[in-house]
Amino acid sequence: MKKVIVPIVLMIVALTTLSFTAGKGVTLRLKPNKDKTYVIEAKSNQTTMMKIQSQTMRMTQALDTRQSFITKEISDNKVVVETKLEAVKMNMSQMGMNLTYDSENPQNNSPMIANEAKEIDKLINQPTLISYDELGHNENPADLDMNQLSSVIIELPEEELNVGSTWTCIKTQEVSDFSFNVNMTYTVTGISKKNVEVSFNGTVDSQEITGSYEGTASISPATGIVMSASLKNNISLTISEQGMTLPTTITGTTSITVVEK
């Protein structure tokens, strides 16, 4: 009899726990710990296909960045963070050429991109202050190259969330010389004490560009910060260069992890 009762009891406990977890809601607010430094590790792989007359040019790029931010000020409805780009590593392949840039190992940089390397060098370890409200709205958007903070501090909903809840926001994205809006929709897929799991998709809102984003993210309910994310992008646009129109597609993947130190 004991052998029968124990599994039944365990099953009841499991079902009770599942029911409680599924029904429990959470309210997300941006509340980073003031005495902690957050380090963002981002890895992306992008493929660009460009049609030039009757030929197609293919370029691949692998980009690794490390960015940190720390809270300088926090109040009921204001969060000020200081962020800086700490390291960049990039590998590009185009028309049979392989080009490399590594901010931490400059001896490996390709001489052909020496001018571009100097421009990237200027970005390394340059602190920038950015202000948010408690819902993650950026109060003073900063023009930061290779900035991944917008993937980690996102716009949060006012309402309490449950599994299945959705919310929407508009993100500004930049590709080449184009700036455009992306209509984002987030859907809660799971809630626990440590994480709020979401899936998301975005549609480009532009007359010149078409495309989509999709992926998943894990948000800390204690701080409202995205602690990990993965996404895919597919963008189509036409670039004008030296009197020519060049149909271009950009596809890729990005993974992001955040460590609190």
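What counts as what
Residues numbered from 1 in each chain as written. Predicted model: local features only at pLDDT ≥ 70, side-chain atom pairs only at ≥ 80, totals over all residues. Heavy atoms only, no water. Helix = DSSP H or I, 4+ residues; strand = E, 2+ residues; numbered from the N terminus. Buried < 20%, exposed > 50% of the residue type's maximum accessible area, 1.4 Å probe, protein only. Contact = heavy atoms within 4.5 Å. Areas by Shrake-Rupley, 256 points an atom, 1.4 Å probe, with all protein chains shown as cover. Phe/Tyr/Trp six-rings, centres within 6.5 Å; stacked < 30°, edge-to-face > 60°. Patch = residues over 30% accessible without salt bridge, like charges linked within 9 Å, V, L, I, M, F, W, Y side chains within 5 Å. Salt bridge = Lys/Arg side-chain N within 4 Å of Asp/Glu carboxyl O. Core = buried A, V, L, I, M, F, W, Y, C linked by side-chain atoms within 4.5 Å. pLDDT = per-residue confidence, 0-100. Pairing = 2+ DSSP bridges. Polar contact = N/O pair within 3.5 Å; in protein donor to acceptor, adjacent residues only side chain to side chain.

### Topic: the overall build of the protein chain
Broken down by element type, the protein chain carries three helices and 11 strands. The order of helices and strands in the protein chain, counted from the N terminus, is α-β-β-β-β-α-β-α-β-β-β-β-β-β. Counting all 261 residues of the protein chain, 38% fall into the buried class. Pairs at least 24 residues apart make up 51% of the contacts formed inside the protein chain by residues separated by at least 6 positions. Working note: accessible area of the protein chain is about 15200 Å², and carbon and sulfur atoms make up 51% of it.

### Some remarks on the packing of aromatic side chains
Within this structure, the stated rule accounts for three aromatic pairs. Pairing Tyr 38 with Phe 69 gives two aromatic rings, centres 5.0 Å apart and planes at 15°, and the pair type is stacked. Residue Tyr 38 is found in strand β1 (residues 37-52), and its partner Phe 69 is found in strand β2 (residues 55-74); the two are separated by 31 residues along the sequence. Look at Tyr 38 and you get buried, because its relative accessible area is 0%. Using a relative accessible area of 1% as the deciding quantity, one classes Phe 69 as buried. Their ring planes at 50° and their centres at 5.8 Å tell us that Tyr 186 and Phe 200 sit as a pair that is tilted. You can see Tyr 186 sitting in strand β7 (residues 178-191) and its partner Phe 200 sitting in strand β8 (residues 196-205), a full 14 residues away along the chain. The same class applies to Tyr 186 as to Phe 200, namely buried. An aromatic cluster of at least three residues, connected via ring pairs, comprises Trp 167, Tyr 186 and Phe 200.

### Remarks on a nonpolar patch on the surface
Side chains of Met 95, Met 97 and Met 112 sit close together on the surface and give an oily, nonpolar patch of about 350 Å² of accessible area. Residue position: Met 112 is located in the loop between β4 (97-102) and α2 (114-121).

### Some points on the nonpolar core
Formed by 48 residues in total, the largest nonpolar core has its most connected members in Phe 69, Leu 149, Trp 167, Tyr 186, Val 196, Val 198 and Ile 219. With seven residues, the single largest contributor to this core is strand β10 (residues 226-241). Once residues within four sequence positions are removed from consideration, Val 198 is found in contact with Trp 167, Tyr 186, Thr 187, Val 188, Thr 189, Gly 215, Thr 216, Ala 217 and Ile 219. Counting residues in each nonpolar core, the second largest holds 11 residues, with Leu 85, Met 90, Ile 113 and Ile 124 among its members.

### Observations concerning the confidence of the model for the protein chain
Averaged over every residue, the pLDDT of the protein chain is 88; residues scoring 70 or more account for 89%. The weakest mean pLDDT in the protein chain belongs to helix α1 (residues 2-23) at 44; the strongest belongs to strand β9 (residues 210-219) at 97. Every residue in residues 1-7 is under pLDDT 50, and counting partners more than four places away or in other chains gives one contact. Across residues 9-23, confidence stays below pLDDT 50; counting only partners more than four residues off in sequence or on other chains, it has three contacts.

### Observations regarding the pairing of β7
The side chains of a regular strand alternate, residue by residue, between the two faces of the sheet. Sheet analysis places β7 next to β8, joined by 10 bridges and oriented antiparallel. Directly across from Met 184, in β8, lies its bridge partner Gly 202. Connecting the antiparallel pair β7 and β8 is a turn made up of four residues.

### Things to note about the pattern of salt bridges
Applying the stated criterion to the full structure yields five salt bridges. The shortest N-O distance in the salt bridge between Lys 122 and Glu 119 comes to 3.3 Å. Residue Glu 119 is classed as partly exposed on the basis of its relative accessible area, which comes to 46%. Taken together, the shared-partner salt bridges in this structure form one network comprising Arg 66, Glu 86 and Glu 104.

### Observations regarding the side chain of Thr 223
Mapped onto the fold, Thr 223 is located in the loop between β9 and β10. Polar contacts involving the side chain of Thr 223 include one to the side chain of Ser 220, which spans 3.2 Å. With residues up to four places along the chain from it excluded, the contact list for Thr 223 reads Arg 29, Leu 30, Lys 31, Pro 32, Asn 33 and Tyr 38.

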